[in-house]
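# Remarks on the overall topology
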Amino acid sequence: MEKITEKILLEKSSPKTNKLDQIKTLNLSRMGLKSSDLPVPLLSKLCSLEQLDLSGNMLQEIPKGLCLPCLKILNCSNNDMEDVTSLEALRNIEELRLEDNLYLTVNDEHKVIFLLPRLRMFNGKDISSTAHHIRHGSTEILRKRVIGLWERSFSLPDPVTAQSLAAVEKSFVNAAYSQIKYGPSSLSVYTKFRLEMIAKEYLKSLTCSEEGSKVQDVTPTKENETPTRRKTRDLGGNSSTSPQKRTRNNTEVSAEASPRKSSRLASAAPVEASPRKSTRVLSTPQKTDPILSSPRKHARMTSMDTPEGSPRKSSRLENISHKVVSKTESPRKASKRPDISTPTSRPVKSESPMKTAKDQTTAQQSKQTTANTPRKTTRVKLRVPQEPVSLQPFHVLQCHSRQDSPDDFSTQLWACAFEPPQECSGGDLRDGSRTVATCGGETLCVIDCESGHVLKKYKVPGEEFFSLAWSTVLMSRTGGSTRPCNVLAAGGKRGLVKLIHPRVNLAFGEFRASRRAISIMRFSPRNASFLFTGTYENKIFLWDIGGLDRDYNFKISKLLVLETCSTPLHVSLLPASPDTHLLSACDDGLYVFDIQLSKNTQKRNEEMEVVFPIYKKNDKKNNYRTIDGLSFLSDDIVASKSHMQGSIYLWSWRATRASWNGRKKEVAAVVLAELQWSSTEIPYLSLGTCPGYGYVVCGDDQGRLWMYHITDTMMENFKSGKMISATEVLEWPSPVRPGMGALEGPSINSIAMDPDLNYLVALTDKNMAVVWKRVNH
């Protein structure tokens, strides 16, 4: 049913009339309207409308094509406005209100002032003097610099064709982005917006004077075409050398040492041969239940994040990236957001084409052994597509470099997760599933997998991030309503949880989760504000961060403390009942905890320990109890692996739970299948699953991805007790940097797949994030 009809317009208008073209004032506030609910043909009949109130709705933009020639006063406050360029059609507006639009920044305010030449009152303030400088003063300065750049470095193509002009225009705009600097960094998005307009206008004036009507054939660069270079802003403080992975011989790892595995020496960038000595974090613990706020006026675009106990400069969210390589034959789409710039491009090629590596798989099978006695099997149905997918390497990114050095191939990347999709205007879902967050070293990046652009970059000097997690929490709005927003939590060696709203460039708070390093983080899928943090003090904490008010105030409360016998490396919640039990893969086994809050005890020990057949292979060198991979493949099937196991177990949670008698802590896992994997000795190479497509994926120490398409047929073939081979082994794409040759295959530390398996992201121990894209839709 349409929310806006002619009858409604007449009812909510003044003066009262029966003709649309006589309406002077219209109040459409607090009607729950989205942009798609505004009928352009009907509203365009309001040719005499002077004042329009659209406040308190859910508008993301003003619909294109809307023509209100007499409109002078517009109230769009308390909406979800994202794109202010849609206001350009309403050029006669004199008074405009845009307060309480979460996603608008100071850059958008400058755009509005420039696009609306008659605007004199903005958010209740007279902007006459400011507007004159924005519209005229800065424009003249930028115009002179753009013209100077053209005269120094560019000239019209000969002959002038639509294609050649488009190429020159794109190069000219990109050069303006990268070479012309003006104003504070917080206004960089607006500056680029103006540079693009000025550059295109100037080029058009040249072609009009020399080519006349030929210019009409020119296909202009899209408004959201992104630049190819971007200069990194200084964040303050020099980054320290990132601690290296620890070896399996390390008996204790503290917060100052990187609590992970031993590093492999890379020929391209040698790193320390031995891990650092263990020391303790010297930060002072914070209270666990303060109300933490970050005033939006000060935090927007320059998000404050001063490490506790040291007077460092504030860290920031930045629209910056440094792309190392991009290997693909298919054309890449431009980013949809106009405020994101393309990273510095360093094209490389691959030394060898992708192979299925069946020969490697066969060789590995000859080395692997399985139990001679067939295991008990439990019938588990998997409703997944029967045809396997095909992935190709799409981008290789080097975006976590210390001091943004292109020679940094030692920073280790630890965790990645795809942003959950959100409903947008019209009931569709946003492309959250193509946006992935990655962490490693002192930085956290948000990446668009399609374009390969680093959308946001968050840096904390001296930190080393080990884990991150997304959640969709509710934010209060004026009038008592709420809106969902995707927030990111990240933590590492300092024991602090950083809370970030990437979409609005805001790091809005932090709290101390531990005196030692944070090893793993997970939000509950059922209670979006519940955050589990595993720490190197052998504990897992459950926090409730609550909701956010309009100023990003939040309140932390500690709900549970789970005592683990060793460092928790991964945690998983039951997909069907995530508020009942938690599985924790630790350095010394896999434990199950009862996390039901109805029980009175806050501190709890494990309810049971799941043991695996590989434990029987215990020898002096290894006891195989380090569970370094854990993830649910379905509501029942769990994929896990032990260090040095050389395979991956698929086991049934329900059958294992049912076989526990409650008297002993230990219960044997009911193994359904065993997947043949690499025989590497490198620990902490985690696996990932894509339940919707029945995929288990795990990387190895040579940069390869072992992919398993788990179907009912495959599970039935396990009746013989034989190990199941990988469906496909994707070889390391061997990116090449000029002057350095091919980069050797690194260890794959972490893997994430979006729910539709359109993209797979693999993080390495050599500062490279590899994006693979599905090619057989």
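These notes cover the structure that comes with them. (Residues numbered from 1 in each chain as written. Predicted model: local features only at pLDDT ≥ 70, side-chain atom pairs only at ≥ 80, totals over all residues. Heavy atoms only, no water.)

### Brief notes about the sheet that holds strand β17 (residues 482–492)
- Strand order across the open sheet formed by 4 strands is β16-β17-β18-β19, with antiparallel pairing between neighbours. Whereas interior strands pair on both sides, the edge strands pair on one side only; in this sheet they are β16 (465–476) and β19 (506–512). For this sheet, the mean angle separating the axes of adjacent strands, direction not counted, is 25 degrees.
- In this sheet, strand β18 (residues 496–501) lies alongside β17 in antiparallel orientation, the contact comprising 4 bridges. Counterpart to alanine 489 in the pairing with β18 is leucine 499. (Pairing = 2+ DSSP bridges. Helix = DSSP H or I, 4+ residues; strand = E, 2+ residues; numbered from the N terminus. Axes fitted to C-alpha atoms, helices over the stretch in contact; angles between N-to-C directions.)

### Topic: the state of the cysteines
- Tallied over the full model, the rule gives 0 disulfides.
- With no disulfide of its own, cysteine 70 has cysteine 47 as its nearest cysteine by sulfur position, at a separation of 6.9 Å.
- Relative accessible area serves as the criterion here: at 34%, cysteine 70 is assigned to the partly exposed category.
- The thiol of cysteine 439 is not disulfide-bonded; the next cysteine sulfur, from cysteine 416, is found 8.4 Å away. (Disulfide = S-S within 2.5 Å. Buried < 20%, exposed > 50% of the residue type's maximum accessible area, 1.4 Å probe, protein only.)

### Regarding unusual backbone geometry
- For the bond running from serine 14 to proline 15, omega is -5 degrees, close enough to zero to count as cis.
- Note on placement: proline 15 falls in the loop between β1 (13–14) and β2 (25–27).
- With an omega of 5 degrees, the peptide bond between aspartate 158 and proline 159 qualifies as cis.
- Structurally, proline 159 is set in the loop between α4 (128–153) and α5 (162–179).
- In the Ramachandran plot, asparagine 78 falls in the positive-phi region, its phi being about 55 degrees despite a non-glycine side chain.
- Within the secondary structure layout, asparagine 78 lies in the loop between β4 (73–75) and β5 (95–97).
- With a phi angle near 60 degrees, aspartate 100 is a residue other than glycine that sits in the positive phi range.
- Counting through the fold element by element, aspartate 100 comes out in the loop between β5 and α3 (106–115).

### Notes on α4
- Between its terminal C-alpha atoms α4 stretches 37 Å, which fits the 38 Å expected from 26 residues at 1.5 Å a residue.
- A bend of about 30 degrees at threonine 139 is the largest found in α4.
- What α4 keeps buried is the set Ala131, Ile134, Arg135, Ser138, Thr139, Leu142, Val146, Gly148, Leu149 and Trp150. (Expected span 1.5 Å × (residues − 1). Bend = angle between axes of the 7 residues up to and from the residue.)

### Thoughts on the pairing of strand β20 (residues 518–523)
- Where burial is concerned, most of β20 is hidden: 5 out of the 6 residues are buried.
- Here β20 runs beside strand β21 (residues 530–535); their pairing, made up of 5 bridges, is antiparallel. In the strand pairing of β21, methionine 521 is matched with threonine 533.
- Linking β20 back to β21 in an antiparallel pair, the connection comprises 6 residues.

### So, the packing of α4 against α5
- Between α4 and α5, whose axes approach to 10 Å, the crossing angle comes to 120 degrees. Considered as vectors, α4 and α5 are oriented oblique to each other. The crossing of α4 and α5 is right-handed. For the pair formed by α4 and α5, the contact residues are Val146, Leu149 and Trp150 on the first element and Val168, Phe172, Ala175, Ala176 and Gln179 on the second.
- Considering only residue class, the contact of α4 with α5 consists of 7 nonpolar, 1 polar and no charged. (Parallel < 35°, antiparallel > 145°, perpendicular 65-115°, else oblique. Left-handed = near helix turned anticlockwise from the far one by under 90°. Contact = heavy atoms within 4.5 Å. Nonpolar A, V, L, I, M, F, W, Y, C, P; charged D, E, K, R; others polar.)

### Here we look at the packing of aromatic side chains
- Across all of its chains, the model carries 14 aromatic pairs by this definition.
- Taking 5.4 Å as the distance between ring centres and 55 degrees as the angle between the ring planes, the aromatic pair formed by phenylalanine 154 and phenylalanine 172 counts as tilted. One end of the pair, phenylalanine 154, is in the loop between α4 and α5; the other, phenylalanine 172, is in helix α5, with 18 residues separating them in the sequence.
- Where phenylalanine 612 meets tyrosine 649, the ring centres are 5.6 Å apart and the plane angle is 10 degrees; that geometry is what we call stacked. Of the two residues, phenylalanine 612 sits in the loop between β29 (608–611) and β30 (627–632) while tyrosine 649 sits in strand β32 (residues 647–652), which places them 37 residues apart along the sequence. Each member of the pair phenylalanine 612 and tyrosine 649 is classed as buried.
- Here the basic side chain of lysine 111 rests over the ring of phenylalanine 193, its NZ or CZ set 5.1 Å away from the ring centre.
- Lying over the aromatic face of tyrosine 103, arginine 503 brings its terminal NZ or CZ to 3.8 Å of the ring centre. (Phe/Tyr/Trp six-rings, centres within 6.5 Å; stacked < 30°, edge-to-face > 60°. Lys NZ or Arg CZ within 6 Å of the ring centre and 35° of its normal.)

### Notes on the pattern of salt bridges
- Tallied over the full model, the rule gives 27 salt bridges.
- Put simply, arginine 483 and aspartate 80 hold a salt bridge, and the shortest N to O gap is 2.4 Å. You can see arginine 483 sitting in strand β17 and its partner aspartate 80 sitting in the loop between β4 and β5, a full 403 residues away along the chain.
- Given a relative accessible area of 6%, arginine 483 falls into the buried group.
- A salt bridge links lysine 498 to glutamate 510, with the nearest nitrogen and oxygen atoms 2.6 Å apart. Here the residue lysine 498 occupies a position in strand β18, and glutamate 510 occupies one in strand β19, the gap between them amounting to 12 residues.
- Within the structure, one salt-bridge network assembled from shared partners comprises Glu94, Glu95 and Arg120. (Salt bridge = Lys/Arg side-chain N within 4 Å of Asp/Glu carboxyl O.)

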